[in-house]
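# Reading the structure
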Amino acid sequence: MPSLLQAAEEAAAPPEPTTTSNAEITVDQLELLVKPLTREELAVEAAGWRELLKEKVEESSQLQVSAKQQTQASEEGAEEAPGDAGADADGKDLKAELVEKLPQLQEQRTQLIDRLNVVLDAWELKGGEDEEYRQYVSAVGGLEIDVTDASTTWAALQGWAMSEQGGQRWFWNILKFVLILGAFYILASIISNLVVRASSRTKGSSELLKKFLGTFVKQVVLLIGLVIAASALEINISPLLAAIGGAAFVIGLALQGTLSNFASGLIILGYRPFDVGDVIEAAGITGIVDSMNLISTKIRTFDNKVMIVPNNKIATDTITNATASDTRRVDMMFGIGYDDDVEKARGILESIVNNHELVLQDPPAVIQLNELGDSSVNFICRPWTKAGDYWTVFWDVTRQVKEEFDRNGISIPFPQRDVHVYHENVAGDGQPLADATND
C-alpha cells in the first residue's frame, strides 16, 4: 500500500528539469542536450533555468541592499558620533565586498542568461510560447549601476569591463560585428564585379541591365552581411526577420504605385527598348538616357534639364529610340517657285547631298519632286547618315540649299493668297454695281 501511495505522489509531482544539474555546462553542449526534447519538456527546462537566474539576481540584489543599508548606517553613525572609525571601517569593508562580488555575480548571471536563451530558442522552434521568459531576461539583464555612489559605480564599471562575460565579451562582439561588415562589403564588391563582367560577356546585354544587376547583387549581399553581423551582437535575428517580412507586406500595400514602377522597370530591363546614352522620346520627354533604376529613369534633355520619369509612364507609352540603329534617314523638303527650272533645282540638291562627307552612299539618297503645293513645287530630299550625325547633316544641307538656290536664282517661295474685294454701289434704280479688284 505505501508503494502505491508513493507512486501516486510521484505521478502527481511536477517534472524536474534535467539540464540544470550543471549550471556551468557549455552552450554548445546544452544545445545538443535540448535538441531531442519535446515542447513540454523544454517548458520544464526553461522554468528551471529561469529559477536559477532568479536566484542569482536575488543574490546580487541582496548584496546591493546590504551595502546600501550599511553605507546609510555608517553615514548616520558618523553624523551622531564624528570620528567613529569602526563604523567607517565596516562600511568600507562591505563596499569592498560589493565591488569584488558584484562583477562576479553579474558574470554568472550573464552565463545563466546565455543558457536560458539556448533553451528558449529550442522551445520557440517547437512552438513554445516564450514571450514571458524573454521579457524576464530583458528585465534582469544588463549592467546595474548605482549613480548615487560614484566610487561604487566606478568600481562596478571597472569590474564589468575586465570580466570575461562583460566588457571583454562585448569588445569581441563589436569587433566581430565590424569585421563581418567589412568582409561582406569586400565580398559584395567582388561578387558585383563578377556579375557585371559575366553580363558583359552575354551577347546583347545592355548597360542598364549590367548596372542594375551589379547594384542589386551588391545590396543583397550587404543585407545578408548586416543580418549576420547583427547576430554577432547577440541580437535574436528571428524576430528581426519576421518584422522585416511584416513590414515588407505593409509597405507593399502602401506603395502599390511604386511596385508598379518596379515591375515596369523589370520589363524595360528585360525587353531593352533603350540603353544608356540613347536618344529617346518617351512619356512626352525627349532627351538622352543618363541612368535607370527599378523605380525611375533619368533623362537629360537637350537643354541640359534632368527629368526623372517613373518607369510605369515609360512602359505604358510609346517609346521612340532615335539611336537604336546605327544609321538614320534625314527627311527634308524644299520648295521652289512654279516659274523656276525643276531639273536645275534637282541637280543642285543632288550635288549638295552627294558631295557632303557625312552623307552615306549606301543606301542612296532619295531626291524626287513630290508635291505641287499651293504656292510652291516641293522636292523631298532624304539622304542617309550615321545616327550621331543626323542634326549635322540636316543643318548643313539646309544651309547649303538656301545658299545655292540664291546663287542660281531659284526662289524659295513663301505662302501667297489671292484676295478679291467687291464694292457694291446702288444706282438710282436700286440695282447694285459690282467692282472687282484682284490683289
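Residues numbered from 1 in each chain as written. Predicted model: local features only at pLDDT ≥ 70, side-chain atom pairs only at ≥ 80, totals over all residues. Heavy atoms only, no water.

## Some details on the sheet that holds strand β6 (residues 327–329)
Picture the strands of a sheet paired through backbone hydrogen bonds; they go either parallel or antiparallel. Spatially, β6-β11-β8 is the arrangement adopted by the 3 strands of the open sheet, whose pairing is antiparallel. The open sheet is flanked by β6 and β8 (359–360), the only strands paired with a single partner. As judged from the 2 bridges shared by β8 and strand β11 (residues 384–386), these two strands associate in the antiparallel manner. Paired with L360 across the strands is W384, a residue of β11. Running at roughly 135° to β11, helix α13 (residues 390–407) makes contact with β6, β8 and β11 of the sheet. (Pairing = 2+ DSSP bridges. Helix = DSSP H or I, 4+ residues; strand = E, 2+ residues; numbered from the N terminus. Contact = heavy atoms within 4.5 Å. Axes fitted to C-alpha atoms, helices over the stretch in contact; angles between N-to-C directions.)

## Some words on the pairing of strand β9 (residues 366–372)
For β9 and strand β10 (residues 377–382), the ladder comprises 6 bridges, and the chain directions are antiparallel. Note on β10: the bridge partner recorded for L372 is V377.

## As for the packing of helix α12 (residues 342–355) against α13
Close contact between α12 and α13 brings their axes to 10 Å; oriented N to C, the two are set at 140°. One finds that α12 runs oblique with respect to α13. Note on packing geometry: the crossing formed by α12 with α13 is right-handed. Residues A345, I348, L349 and I352 of α12 touch α13, and the partners they reach there are V397, Q400, V401, E404 and F405. For the contact of α12 with α13, the per-class residue count stands at 7 nonpolar, 1 polar and 1 charged. (Parallel < 35°, antiparallel > 145°, perpendicular 65-115°, else oblique. Left-handed = near helix turned anticlockwise from the far one by under 90°. Nonpolar A, V, L, I, M, F, W, Y, C, P; charged D, E, K, R; others polar.)

## Re the packing of aromatic side chains
Applying the stated criterion across every chain, the model contains 4 aromatic pairs. With centroids separated by 5.3 Å and ring planes inclined at 85°, the aromatic side chains of W123 and Y133 adopt a geometry described as edge-to-face. Of the two residues, W123 is situated in helix α4 (residues 85–125) and Y133 in helix α5 (residues 131–140); the sequence distance between them amounts to 10 residues. Here the two residues W123 and Y133 agree in accessibility, since each one is buried. Ring geometry for W391 versus F394: centroids 5.5 Å apart, planes at 75°, classification edge-to-face. Taken together, the positions of W391 and F394, both in helix α13 and 3 residues apart, correspond to about one turn of that helix. Grouped by ring-pair contacts, the aromatic residues Y390, W391, F394 and W395 constitute a single cluster. (Phe/Tyr/Trp six-rings, centres within 6.5 Å; stacked < 30°, edge-to-face > 60°. Buried < 20%, exposed > 50% of the residue type's maximum accessible area, 1.4 Å probe, protein only.)

## Regarding unusual backbone geometry
Of note, the amide linkage connecting D362 to P363 takes the cis form, showing an omega dihedral of 0°. With respect to the secondary-structure elements, P363 resides in the loop between β8 and β9. Although it is not a glycine, A283 adopts a positive phi angle of roughly 55°. You can see A283 is positioned in the loop between β1 (279–282) and β2 (285–292). The phi angle at N304 is positive, at roughly 70°, despite the residue not being glycine. Turning to its location among the elements, N304 is positioned in the loop between β3 (296–300) and β4 (306–310). Judged by its relative accessible area of 53%, N304 is exposed.

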